[in-house]
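Overview (structure and organization)
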Amino acid sequence: MRQIERDARLVWEHAFEPDPTDGEKFYLTVAYPYPSGAMHVGHGRTYIAPDVIARFWRMRGKTVLYPMAFHVTGAPVIGISKRIARGDPQAVSLYRDLYKVPEDVLARFVDPLAIVRHFSDEYQRVMSECGISIDWRRRFTTVDPQYSKFIEWQWKHLREGDHVIKGAHPVRYCPQCDNPVGDHDLLEGDKAEIIRFTLVMFRWNDAFIPTATLRPETIYGVTNLWVNPAVTYVRALVDGEPWIITREAAEKLSFQDHTVEISGEVAGAALIDQTVSHPLCGDVPILPAGFVDTDMASGIVMSVPAHAPFDYIALRDLQQKGQYTDITPVPLISVPGYGSLPARDAVERAGITGQDDPRMEALTQEVYGTEFAQGRLFEKFGGRPVREARDMIAALMMDSYGSVPMYEFDTRSVVCRCGSKVVVKILHDQWFLQYSDPAWKAEVISHLNRMDLIPPEVRAEFERTVSWLKDWACTRRVGLGTRLPWDPAWLIEPLSDSTVYMAYYTIAHHLRSMQADQLTPEVFDFIFLGRDSPGLPHRERLEMMRREFLFWYPYDFRFSAKDLISNHLTFQLFHHVAIFPEPCLPKGMVVFGMGLLNGAKMSSSKGNVFLLEDAVMEFGADTVRMFLVGSAEPWQDFDWRNDLVTSTRKQIDRFMNTVVECMAAREDPGDLDSWLRSRLQGHISRTTEALERFQTRQALQEAFFGIESDLKWYRRRLPEGSSGSVYLHELCSAWVRLLAPVIPFTGEYLWKALGGEGLVSFAPWPKTDKTNENRSIEVAEELLARIVEDIESILKIIQLEPAAITIYTAPEWKRTIFQAVASAEEKTGVIKEIMKDEAMRKRGKEVTDTVRQCITQVHRLPPQVVSGLLQEMPDEKAVFSAASQFLAREFSVPVTVRDAGGSSHAKAATALPFKPAIVIE
Ligand SMILES: [Zn+2]
């Protein structure tokens, strides 16, 4: 196995480096990796499944480009190198023990670039070990000086198109890294969204007690505040005013444009039973509640028991203990389907008894959602629909009653890769990509409609992402990457500098020989947009690059995991429509499922990974490929299990042995070979269709197991002592080629052994030939296989050593009925038709029974068998007679064939077409 892999890698070294041709091209790309750790088997599938597609189209005669580069922009490696430098045991163990980085290399990881250099080499090495057919001439990293020039060009266009704006926005922010953070920078909480609360300012003596709410309109129904008596709150001067809040809130507010100065502490217990007031609801008391989360907004909440299920239950619990019985819920919103107290109705309908009931969260969402969609404030509170009143009352509070917004995550625990807690920060002078721009969104949607999306279900998810996408903080202070051309104090963040690099691949290898400072925006305008300007350097070279770009672009398909729909995959569409003309816009995307390891999500930080290289060493590259491709379609989640991988290994061994044995066959082809040849046509066309639809699993099933089971039957059917005909050589040639995209190492080896010309990687994909199709012979073998199976199962049941077997084939009149039933669209009308025939009528009940049995039979048979039978009913007697020697050998007794029509045996009457009666004595 090792030797086969080594040999193939040697001949492939420069095999997949395509230049433009006169023919058709197929350009596929996969999201490039961030090389900060070793590849695991989950990464393996991300690159192997597209490789199967690349290899398939290459064999179909297209010029295929599959390039790869490395994304090293951003702060993650800086964080990693800092952690390694300070000897963080978790980081050191991850790199030394899991990723197996040698000590001397690890010592160099105090330089972030050393990390990415080491792992990009590792990625290339392991990808090559896996047989991924990449054009490595085009490899680059996102910190190469030429690439930075390309990014500067891209951003010049984005700015000219008014897609980049400056402003103050709340962003996810790591105080330790002093940087905004994106999904990829997060250890925990990578789906966290920022939500905007309104702080409602209650007056308490000389101070304010702010409560955070998403529903400011409910102020009219506030009956009390909730404070956690077990918590120590702080008194803080916020913008010069004394506020009572949690310590966490004080910290958070300091990142949100407030000056915050803590001046003392206030025990939560001391606040209980105090009276606070707000102009919109008057005086209300403070009540104790253990459920108040100190890490949520201000850490104090207002209570609206008429409309909030949590508040309703908490108040009820206190009142059942005889406390605060003078408080009654104050309703303020009328909602269809609910009485005056929607919170009470919801809680009672669901039969909830306590605040810890797990259904409370869903119930709350239901009440909030219905009130927002259909609720209307009472006349005395203005009578407006909730959806209008909410913003108006928030504005009123901001203008007149001292309210300010407070931002918070919708998810607990958002942690940066550096280990620090992430906060919401209002950034000023920050640059944003204006993804909220409706005109830009419209262009993306209109292009999306023309794209080929696989699987089709993801279209809705793309559309949703485009519609809710907000402005994106696209610059950072710290990290690796390209500086913003017009404001070089800022760096372009990682998701924003990796959106149109698929265009860069087309010329990456040519750019390497050019000086970065020659790569002005005018140069890229010429190459990518065909815009000429005077004084361009190396004009001939640029023209060649322009031609190469036009040959490859747009890309045909981009492959990526489904968790990138909400960012990268959608961002790249925004950038493409902003910069490139319509003929250069992306054509299609294939979205992948996720990888599991023994049923659990793969995660490097949690140690639940199996390294790709270890898998290749243990099982062999082709086994890894075949398992990853065969266990699920690309868009489905797959689960890596070592025991299943072991059986894949055995399947490949079996395949090799079978091909080698077939090569020894020397006889002349006969009927059985015609059958095999005819079957092969179906396998070829179904494998081809599956791969054209990216159904790599389906293709493997068809090409591997479909042909294998044919061969098994073929050998069983051969006369004793026969090893088969020379047709098997031809079959194996096709078989090896059909499997070559999935198991290319084995493919090259066998192709050479079969005497194939050149590399199997470039061998012509097998084609079907109509003249090789033989329906009647396929139907006859199907019939025979079924009778063998039926006899076997009868023998198993009766547990009898048979002395003789008789097969009764159905008489002609039953065949007529079968054909009538099989061809009828509406089966119920068949009897009437048949009974028009005089001879049939005479048979009476026998006919109605047969019709019923034939209907069942037609439903049970595979549709392709039924359609084959409709074309031509086999002469069953002739089929069984011709195979009588085979049958006798199979069951070690003589097998007789009779026409059921002329027999008086009771069993003979049950014979049906394609289901003869069997009598065993
Ligand atoms: Zn950080």
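A few points on the structure. (Residues numbered from 1 in each chain as written. Predicted model: local features only at pLDDT ≥ 70, side-chain atom pairs only at ≥ 80, totals over all residues. Heavy atoms only, no water.)

A short note on the sheet that holds strand 1 (residues 25-30)
Pairing within the open sheet is parallel, and its 5 strands lie in the order 2-1-24-25-20. Strands with a single pairing partner mark the edges of an open sheet, and in this sheet they are strand 2 (63-65) and strand 20 (452-454). Here the strands of the sheet are splayed against their neighbours by 15 degrees on average, with no regard to which way each runs. Pairing geometry for strand 1 and strand 24 (residues 557-561), over 3 bridges, is parallel. Within the sheet, the bridge partner assigned to Val30 lies in strand 24 and is Phe559. Together, strand 20 and strand 25 (588-592) form the strand contacts of helix 15 (residues 458-468), whose direction differs from that of strand 20 by roughly 110 degrees. (Pairing = 2+ DSSP bridges. Helix = DSSP H or I, 4+ residues; strand = E, 2+ residues; numbered from the N terminus. Axes fitted to C-alpha atoms, helices over the stretch in contact; angles between N-to-C directions. Contact = heavy atoms within 4.5 Å.)

Thoughts on helix 3 (residues 76-85)
The element helix 3 is extensively covered by neighbouring structure, given that 8 of its 10 residues are classed as buried. Buried within helix 3 are the following residues: Pro76, Val77, Ile78, Gly79, Ile80, Ser81, Arg83 and Ile84. Looking at the buried positions of helix 3, the neighbouring elements they touch are helix 4 (89-98), helix 5 (103-107) and helix 6 (112-129). Immediately beyond the C-terminal end of helix 3, within one or two residues, lies Gly87, with a positive phi of roughly 75 degrees. (Buried < 20%, exposed > 50% of the residue type's maximum accessible area, 1.4 Å probe, protein only.)

Some remarks on empty space enclosed by the protein
A complete count under the given rule lists 1 cavity of 30 Å³ or more for this structure. The space that makes up the largest cavity amounts to roughly 90 Å³. Lining the largest cavity we find Ala75, Pro76, Gly79, Cys177, Asn179, Pro180, Val181, Asp185, Cys416, Arg417, Cys418 and Arg476. Those elements giving two or more residues to the lining of the largest cavity turn out to be helix 3 and strand 4 (179-180). Grouping the amino acids of the lining of the largest cavity by side-chain chemistry returns 7 nonpolar, 2 polar and 3 charged. (1 Å grid on protein atoms, 1.4 Å probe; cavity = no way out; pocket = protein on both sides within 12 Å on 5 of 7 lines; lining within 4 Å. Points joined across faces, edges and corners; volume = space filled by probe spheres on them. Nonpolar A, V, L, I, M, F, W, Y, C, P; charged D, E, K, R; others polar.)

A few points about the environment of Gly599
Tracing the chain through its elements places Gly599 in the loop between strand 26 (595-597) and strand 27 (600-601). Expressed as a C-alpha distance, the spacing of Gly599 and Arg641, which sit 42 residues apart in the sequence, is 8.3 Å. Filtering out sequence-adjacent residues up to four positions away, Gly599 remains in contact with Asp639 and Arg641.

Re the coordination of the zinc ion
Surrounding the zinc ion are the protein donor atoms Cys174 (SG), Cys177 (SG), Cys416 (SG) and Cys418 (SG), at 2.2 to 2.3 Å. For the zinc ion, the 4 donor atoms are set out with angles of 105 to 114 degrees between them, so the coordination reads as tetrahedral. Of note, the donors binding the zinc ion are all from one chain and are spaced C-x2-C-x238-C-x1-C. One end of the pair, Cys177, is in the loop between strand 3 (164-174) and strand 4; the other, Cys416, is in strand 18 (residues 415-416), with 239 residues separating them in the sequence. Note on Cys177: relative accessible area 18%, which makes it buried. (Donors = N, O, S within 2.8 Å, 3.2 Å for Na, K, Ca; no water. Tetrahedral: all angles 85-135°; square planar, octahedral: opposite > 155°, others 65-115°.)

Concerning a nonpolar patch on the surface
Judged by side-chain polarity, Ile797, Ile798 and Leu800 come together as a nonpolar surface patch covering roughly 300 Å² of accessible area. Structurally, Leu800 is set in the loop between helix 28 (775-798) and strand 29 (805-809). (Patch = residues over 30% accessible without salt bridge, like charges linked within 9 Å, V, L, I, M, F, W, Y side chains within 5 Å. Areas by Shrake-Rupley, 256 points an atom, 1.4 Å probe, with all protein chains shown as cover. Salt bridge = Lys/Arg side-chain N within 4 Å of Asp/Glu carboxyl O.)

A look at the layout of surface pockets
Its boundaries defined by the atoms lining it, the second largest pocket holds a volume of some 1000 Å³. When contributions to the lining of the second largest pocket are tallied by element, the ones reaching two or more residues are strand 6 (194-204), strand 7 (207-213), strand 14 (301-303), helix 10 (309-320) and helix 12 (360-374). Take the lining of the second largest pocket: its biggest share by element is 6 residues, from helix 12. Of the residues contributing to the lining of the second largest pocket, the split by class is 17 nonpolar, 8 polar and 7 charged.

Comments concerning helix 13 (residues 386-400)
Its 15 residues place the ends of helix 13 20 Å apart at the C-alpha level, agreeing with the 21 Å of an ideal helix rising 1.5 Å per residue. Taken as a whole, helix 13 has its buried residues at Val386, Ala389, Arg390, Ile393, Ala394 and Met397. All buried residues of helix 13 fall inside an arc of 130 degrees around its axis, so they share one side. Residues Asp391 and Asp399 are exposed on helix 13 and point more than 90 degrees away from its buried face. Buried residues along helix 13 sit in contact with strand 6, strand 12 (275-278), strand 15 (333-334), helix 12 and strand 16 (376-377). Following helix 13 by one or two positions, Gly402 adopts a phi angle in the positive range, close to 75 degrees. (Expected span 1.5 Å × (residues − 1). Arc of directions from axis to C-beta.)

Brief notes about the pairing of strand 12
Two faces belong to every sheet, and in a regular strand the side chains alternate between them. Alternating residues of strand 12 divide into Val276 and His278, all buried, and Thr275 and Ser277, none buried. Where strand 12 lies against strand 13 (residues 282-288), 4 bridges are found, and the strand directions are antiparallel. Each residue of the ladder has a partner; that of His278, found in strand 13, is Gly282.

Some details on the pattern of salt bridges
If you walk through the whole model with that rule in mind, you get 56 salt bridges. The shortest N-O distance in the salt bridge between Arg125 and Glu122 comes to 3.0 Å. Highlighted residues: Arg125 and Glu122, both in helix 6, separated by 3 residues, approximately one helical turn. With a relative accessible area of 34%, Arg125 lands in the partly exposed category. Salt bridges here are not isolated pairs; linked through shared partners, they connect Glu17, Asp19, Asp135, Arg137, Arg138 and Glu548.

What about the environment of Leu65?
Note on placement: Leu65 falls in strand 2. You can call Leu65 buried: its relative accessible area is 0%. In this structure, the C-alpha to C-alpha distance between Leu65 and Phe745, residues 680 residues apart in sequence, is 20 Å. If we skip the residues at most four places from it in the chain, Leu65 touches Pro18, Phe26, Tyr27, Leu28, Asp135, Arg138 and Trp552.

What about the nonpolar core?
Membership of the largest hydrophobic core comes to 157 residues, with the highest contact counts inside it found for Tyr95, Phe109, Trp640 and Leu887. Here the element with the most residues in this core is helix 2 (residues 41-59); it accounts for 10 residues. Once you skip the residues sitting within four places of it in the chain, Leu887 turns out to touch Leu784, Ile787, Val788, Ile807, Phe880 and Val895. Listed in part, the 69 residues of the second largest apolar core include Leu453, Trp472, Met514 and Tyr553. (Core = buried A, V, L, I, M, F, W, Y, C linked by side-chain atoms within 4.5 Å.)

Details of the pairing of strand 8 (residues 224-227)
The alternating pattern of strand 8 places Asn224 and Trp226 and Leu225 and Val227 on opposite faces, both of which are buried. In the sheet, strand 8 pairs with strand 13 via 3 bridges, with the strands oriented parallel. Looking at strand 13, one finds that Val227 is bridged to Pro288.

Some words on the packing of helix 3 against helix 4
Two elements in contact, helix 3 and helix 4, have axes whose closest approach is 8 Å; the angle formed by their N-to-C orientations is 100 degrees. Regarding the angle of helix 3 to helix 4, the classification is roughly perpendicular. Every residue of helix 4 that contacts helix 3 at Ile80, Arg83 and Ile84 is listed here: Ala91, Val92 and Tyr95. Its residues assigned to classes, the contact of helix 3 with helix 4 shows 5 nonpolar, no polar and 1 charged. (Parallel < 35°, antiparallel > 145°, perpendicular 65-115°, else oblique.)

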